[in-house]
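Structural overview for review
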Amino acid sequence: MNKEIKIGNRVIGETSPVFVVAELSANHNQDYGRALEILHAAKEAGADAIKLQTYTADTITIDCDAPCFQINEGTIWDGTTLYRLYQEAYTPWEWQPKLKEEAEKLGMECFSSPFDLTSVDFLENMNVPAYKIASYEINDIPLIRKIAKLHKPIIFATGIAYPEDISRALSVCKEEGNQDIILLKCVSSYPTPYEAVNLNVIPTLAKTYGCLVGISDHTMGTIVSAGSVALGVKMVEKHLTLRRADGGPDSAFSMEPEEFASMVRDIRIMEKALGSSEYTLTDAQKLEHGGARSLFVVKDIAAGECFSPENVRSIRPGSGLHTMYYEEILGKRAKTSLKKGTPLAWELID
């Protein structure tokens, strides 16, 4: 898989800044003005992209009250059906080209998760720069194949994926000649408890599948997203709302703008702190190295007098002989008289 991918004007690679994505999801609460507010809040908070979801209740499921369509698995959406949830949560398709245009005016990328073949056609007409496959769609091979044939970057969430699901999806992409893949570590639990995150899987994903990796983070707070950067993620996706108190299907686990901005700051700090994997001293550290210990005369010594533990010690700073010579010089004699505080040097030793 390719280790450098371009999404719109953004390069995503092993040496590039983390690509930060704000997920709009259902947080617009069916209000276009609110959707625009969230988009602008994403920009102000430092997001590189806004992500949409492209489906209707009828394209993602059917209107049926049978038990398997009821939501009762201990989620925040229990007590309704899939159809009714998606009726409330979907983003009207007529908004999406306008949202993309506005995002691009602000210098952000805009792409989406399609949930059926017709939504792919719709998004192609919008000319989105990338596609995301939601984790529940990672086993939709016809959908993946249709997208792979477009030769645009594909971002896979892996929240409910078995290893064979990931391998099968990537095989389809390879068959269609698409090597621009990002795998997102994801837990399909909303919000995700910290003990379920398993960030240590991130390097495993990168090594096993040879892909760039990211995280779709549904935990509360910034620490998981920022910490994932130390494990190699190159993309971070978080849900964004204006205020959780405003309600909506996804509000309970979404970030508010101030929190999102704090997360972006933490990510950028983590990037700076990671620095280089090569062990070298900075210029400042090299200067500070002069403060390390070395051998000094700590008591006046007469010419010809022997060096001993009483008149030579390892102390700060580092102006004298290296401490590794301590045993070697004990018993040797001073060439000349030496005052307390003199840094030892070979020319002073007989």
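**Observations concerning the environment of Cys211**
With respect to the element layout, Cys211 can be found in the loop between helix H8 (201-209) and strand E9 (212-216). Look at Cys211 and you get buried, because its relative accessible area is 3%. C-alpha separation for the pair Cys211 and Lys6, spaced 205 residues apart in sequence, amounts to 14 Å. Apart from the residues lying within four places of it in its own chain, the contact partners of Cys211 are Met1, Lys3, Leu170, Ile181, Leu183 and Ala206.

**Here we look at the side chain of Asp165**
With respect to the helices and strands, Asp165 occurs in helix H7 (residues 163-175). Discounting residues that sit within four places of it in the chain, Asp165 has contacts with Ile138, Asn139 and Ile160.

**Structural notes on the nonpolar core**
Phe111, Phe156, Leu183 and Phe260 are the most contacted members of the largest nonpolar core, which totals 72 residues. Looking at this core element by element, the count peaks at six residues for helix H1 (residues 32-45). Those residues in contact with Phe111, other than ones at most four positions away along the chain, are Phe19, Val21, Ala49, Ile50, Lys51, Leu52, Val128, Pro129, Ala130, Lys132, Ile155 and Met235. With 13 residues, the next largest nonpolar core counts Val297, Ile301, Leu338 and Ala345 among its residues.

**Overview of the pattern of salt bridges**
On inspection of all chains with the given rule, the structure shows 19 salt bridges. The salt bridge partner of Arg84 is Asp65, with a shortest N-O separation of 3.4 Å. Within this pair, whereas Arg84 is found in helix H3 (residues 82-89), its partner Asp65 is found in the loop between helix H2 (57-60) and H3, the two being separated by 19 residues in sequence. A salt bridge links Glu124 to Lys152; the nearest nitrogen and oxygen atoms lie 2.8 Å apart. Placement of Glu124 in helix H5 (residues 117-126) and of Lys152 in the loop between helix H6 (141-148) and strand E7 (154-157) is noted, with a sequence separation of 28 residues between them.

**Topic: the pairing of strand E11 (residues 294-297)**
Along a regular strand, successive side chains alternate from one face of the sheet to the other. Here E11 shows no split at all, with Ser294 and Phe296 on one side and Leu295 and Val297 on the other all buried. Two elements, E11 and strand E12 (residues 312-315), share four bridges in a ladder whose sense is antiparallel. Looking across to E12, one finds that Leu295 is bridged to Ser314.

**Section: the layout of surface pockets**
Space inside the largest pocket adds up to approximately 980 Å³. Lining of the largest pocket is provided by 41 residues; of these, Trp77, Leu85, Tyr86, Tyr136 and Tyr190 occupy positions nearest its centre. When residues of the lining of the largest pocket are traced back to their parent elements, those giving at least two are strand E4 (49-54), H2, H3 and strand E10 (235-239). Residue contributions to the lining of the largest pocket peak at four residues, all from H3. Across the lining of the largest pocket, the residue classes break down as 20 nonpolar, 12 polar and nine charged. As a volume, the second largest pocket reaches approximately 370 Å³. Lining the second largest pocket we find 16 residues, and of these Glu14, Thr15, Gly232, Val233 and Lys234 sit closest to its centre.

Conventions we followed
Residues numbered from 1 in each chain as written. Predicted model: local features only at pLDDT ≥ 70, side-chain atom pairs only at ≥ 80, totals over all residues. Heavy atoms only, no water. Helix = DSSP H or I, 4+ residues; strand = E, 2+ residues; numbered from the N terminus. Buried < 20%, exposed > 50% of the residue type's maximum accessible area, 1.4 Å probe, protein only. Contact = heavy atoms within 4.5 Å. Core = buried A, V, L, I, M, F, W, Y, C linked by side-chain atoms within 4.5 Å. Salt bridge = Lys/Arg side-chain N within 4 Å of Asp/Glu carboxyl O. Pairing = 2+ DSSP bridges. 1 Å grid on protein atoms, 1.4 Å probe; cavity = no way out; pocket = protein on both sides within 12 Å on 5 of 7 lines; lining within 4 Å. Points joined across faces, edges and corners; volume = space filled by probe spheres on them. Nonpolar A, V, L, I, M, F, W, Y, C, P; charged D, E, K, R; others polar.

These values are about where atoms sit, not about what they do.
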